[in-house]
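Residues per chain, in single letters:
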Amino acid sequence: RGVPGAFPAPGTSLLSLAVTSEQIEHLHRRFKQLSQDQLTIRKENFDSIPDLEFNPIRGKIVHAFFDKRNLRQGSDGLADEINFEDFLTIMSYFRPIEMNMDEEQLDRFRKEKLKFLFHMYDSDHDGKITLQEYRNVVEELLSGNPHLEKESARSIADGAMMEAASICVGQMGPDQVYEGITFEDFLKMWQGIDIETKMHVRFLNVDTIAHCY
Amino acid sequence: GQRSSESPKNSNQSFAIVSFKWDHVKEPYIIALWILVASLAKIVFHLSHKVTRVVPESALLIVLGLFLGGIVWAADHIASFSLTPTVFFFYLLPPIVLDAGYFMPNRLFFGNLGSILLYAVIGTVWNAATTGLSLYGVYLTGIMGKLNSGLLDFLLFGSLIAAVDPVAVLAVFEEVHVNEVLFIIVFGESLLNDAVLYNVFDSFVAIGATNVTGIECLKGIVSFFVVSLGGTLVGIFFAFLLSLVSRFTKHVRIIEPGFVFIISYLSYLTAEMLSLSAILAITFCGICCQKYVKANISEQSSTTVRYTMKMMASGAETIIFMFLGISAVDPDIWTWNTAFILLTLVFISVYRVIGVIIQTWILNRYRTVQLEIIDQVVMSYGGLRGAVAFALVALLDKDKVRDRNLFVSTTIIVVFFTVIFQGLTIKPLVQWLKVKKTEHREPKLNEKLHGRAFDHILSAIEDISGQIGHHYLRDK
């Protein structure tokens, strides 16, 4: 997978991610910083990012980097460590839309981003977001707010789940049980909202910010 | 008005049990009466749903004002009431701007801040310069006949007629419901151009006497930065003060809402006192204190603040438009110059369109969400002029600016034109062009949840990739 510390060869699949070479270079520098010049990074390496500590859903985000479903390897489960190519793969979920994309590409783009989100919520990898997983997400999201009790977080999650159920399944009979949000349902929920324009990070051409480690 | 009916030889009359003391209450009574009339008018307007769907309320109020002004004039042959700049700037404008700032959708505002600033600063300067210069150019050709103004006077006029007015924009766009990005850009522009406007205006008024030298121009540019940034800082300072105070109001819940208004108003007055941009101060005070105040004060106080603010803003707006109508009926100031008036209308419209097109072209290279032709049409057409321009022109000194009356008359006509004509036609225009409208629904719980998750995710990705970007600031 390449000489240690060297730049990935142009022949690799990286080009299919349509990230510019400047961005790749920048991310590579960042990767080296995080991995402390090793070839791979592990979950612990993410602890060295000071600002990430305050992020309520940091657990899920870091987890997403190691989620094999996101790494396009067709397999499931968690990886222990990822290399630069994997790192880039995850980052590519956040590139902004390009001007020259056609309908089909845009649609695929959108699905990819939503799939990433879906994997984040579906922590047990069973293809469904169950009520418990949803509660989990909401609790984590709201954990930064000291005024909010666990009870309220639970009711919010329950309310959101019911709302999702009504969008996806419509009117349910008293005996019906809503198993969980599948990916198709998830797509339905996001219809009409332009996630493509919101879910991106602009990789500006700045020098790597000096971090005080 | 009626005169007191107390008889002059009052001294040794017996004690009158009840007497009619008009002079005693005249001032506040008249003010209260006007407010009542304006509010009653609103009720009457809304009785007819058909009318309000087509005609914007602001237009109706202006017409009502004209009508009432006509009555007063016919009765007394004096123009006794008019919108004085003092009343406007000290009492009527602050509530409206505070309301705008306090309820500003911050995310949207700061997300589009770049575009807003471009239009507010460059756009306004462009409009002012081109309009003023063109009018001067035409004047030199002699079509306008004999006027007593020089280049500086024309530039002065250009600067005050150039700026888009927040009151008018709010009033008209409120009824049109265009999509939020479009609204925030036009509205943001109308708020922020205050810094430019006053600055350009003040510098021209000051320069008026002395000669235009390089140093004066430089001072003008520097003063722009000072005034706008200074005003913003004053606003932020008071927002901080307000947020701090609201942390300790647990035991005085009843007067909690009062703090919001008093401190915000102080920010306005302080900026005004320091000759900084007062509108920017109170806007940013509202924008910055929103989150903290809402978190610190009680539910009931929050509701009280909300409704009081809305009421004051709405009331002020109503009064402004009505008085715009009334003030127009003042034969003393009426000076007619066909060429000047017509050309002003033409120039401001044309130059606005050109300005919008050029700036949008530049902006679109940096924006993710592009501004299309339709958006540009709405932006050009929605660049309404209003009471601010009128108040500014009324401030002009007749001795220093010889053609003041002409300027006043033209301003009145321009304001009427934009508010009434453009206000009337913007709705059908928007519908005809099928402008993307706001989805007027409450964001679903899921949307709110995921929206939050988003922000955190994006902020995390920025941290991981070593960027400090938009989301870093938002998250904080």
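Residues numbered from 1 in each chain as written. Chains lettered and ligands numbered in written order. Predicted model: local features only at pLDDT ≥ 70, side-chain atom pairs only at ≥ 80, totals over all residues. Heavy atoms only, no water.

If you look chain B up in an unreviewed UniProt entry, it shows as Sodium/hydrogen exchanger from Chaetops frenatus. Recorded in UniProt for chain B, the comment headed Catalytic activity (unreviewed entry) runs: "Na(+)(in) + H(+)(out) = Na(+)(out) + H(+)(in)". On record in UniProt, under Sequence similarities (unreviewed entry), the comment for chain B is "Belongs to the monovalent cation:proton antiporter 1 (CPA1) transporter (TC 2.A.36) family." (UniProt positions renumbered as here; feature names shortened; annotations may be inferred.)

The name that an unreviewed UniProt entry assigns to chain A is Calcineurin B homologous protein 3, with the source organism given as Chaetops frenatus.

> Help me understand the packing of helix 5 (residues 131-141) of chain A against helix 18 (residues 445-464) of chain B, please; the structure alone is not making it clear to me.
Packed helices, taken two at a time, are described by their axes: the angle between them and the distance between them. It is the contact of helix 5 of chain A with helix 18 of chain B, at a shortest axis distance of 11 Å, that shows an interaxial angle of 60°. Viewed along their axes, helix 5 of chain A and helix 18 of chain B adopt a mutual orientation that is oblique. With respect to the hand of their crossing, helix 5 of chain A and helix 18 of chain B are arranged in left-handed fashion. Contacts between helix 5 of chain A and helix 18 of chain B involve A:Y134, A:V138 and A:L141 from the former and B:N446, B:L449, B:H450, B:R452, B:A453 and B:H456 from the latter. Its residues placed into classes, the contact of helix 5 of chain A with helix 18 of chain B shows five nonpolar, three polar and one charged. (Axes fitted to C-alpha atoms, helices over the stretch in contact; angles between N-to-C directions. Helix = DSSP H or I, 4+ residues; strand = E, 2+ residues; numbered from the N terminus. Parallel < 35°, antiparallel > 145°, perpendicular 65-115°, else oblique. Left-handed = near helix turned anticlockwise from the far one by under 90°. Contact = heavy atoms within 4.5 Å. Nonpolar A, V, L, I, M, F, W, Y, C, P; charged D, E, K, R; others polar.)

> In this structure, what is going on with the packing of aromatic side chains? I would like to understand it.
Centre distance and the angle of the planes are the two values used to describe a pair of aromatic rings. All names here are of chain B. Under the counting rule described, the total for this entry stands at 23 aromatic pairs over all chains. Ring plane angle 40° and centroid distance 6.4 Å describe the contact between Y136 and Y139, whose orientation is recorded as tilted. Placement of the pair is Y136 and Y139 together in helix 6 (residues 113-140), with a separation of three residues, close to one helical turn. Ring geometry for F340 versus F407: centroids 5.7 Å apart, planes at 20°, classification stacked. (Phe/Tyr/Trp six-rings, centres within 6.5 Å; stacked < 30°, edge-to-face > 60°.)

> Which parts of the structure should I look at to understand the nonpolar core?
One broad trend across soluble globular proteins is that nonpolar side chains are buried collectively. In terms of nonpolar packing, the biggest core is built from 122 residues, with B:F88, B:L93 and B:M144 touching the most fellow members. Those residues in contact with B:M144, other than ones at most four positions away along the chain, are B:L135, B:V138, B:Y139, B:F154, B:N337, B:A339, B:F340 and B:L343. Judged by nonpolar contacts, the second largest core, of 53 residues, contains A:A64, A:L88, A:F116 and A:M189. (Core = buried A, V, L, I, M, F, W, Y, C linked by side-chain atoms within 4.5 Å. Buried < 20%, exposed > 50% of the residue type's maximum accessible area, 1.4 Å probe, protein only.)

> Please explain the environment of A:Q38 as it appears in this structure.
Residue and element names in this part refer to chain A. Within the secondary structure, Q38 sits in the loop between helix 1 (21-35) and strand 1 (40-42). What makes Q38 exposed here is its relative accessible area of 52%. C-alpha of Q38 to C-alpha of N83: the two residues are 45 residues apart in sequence and 9.1 Å apart in space.

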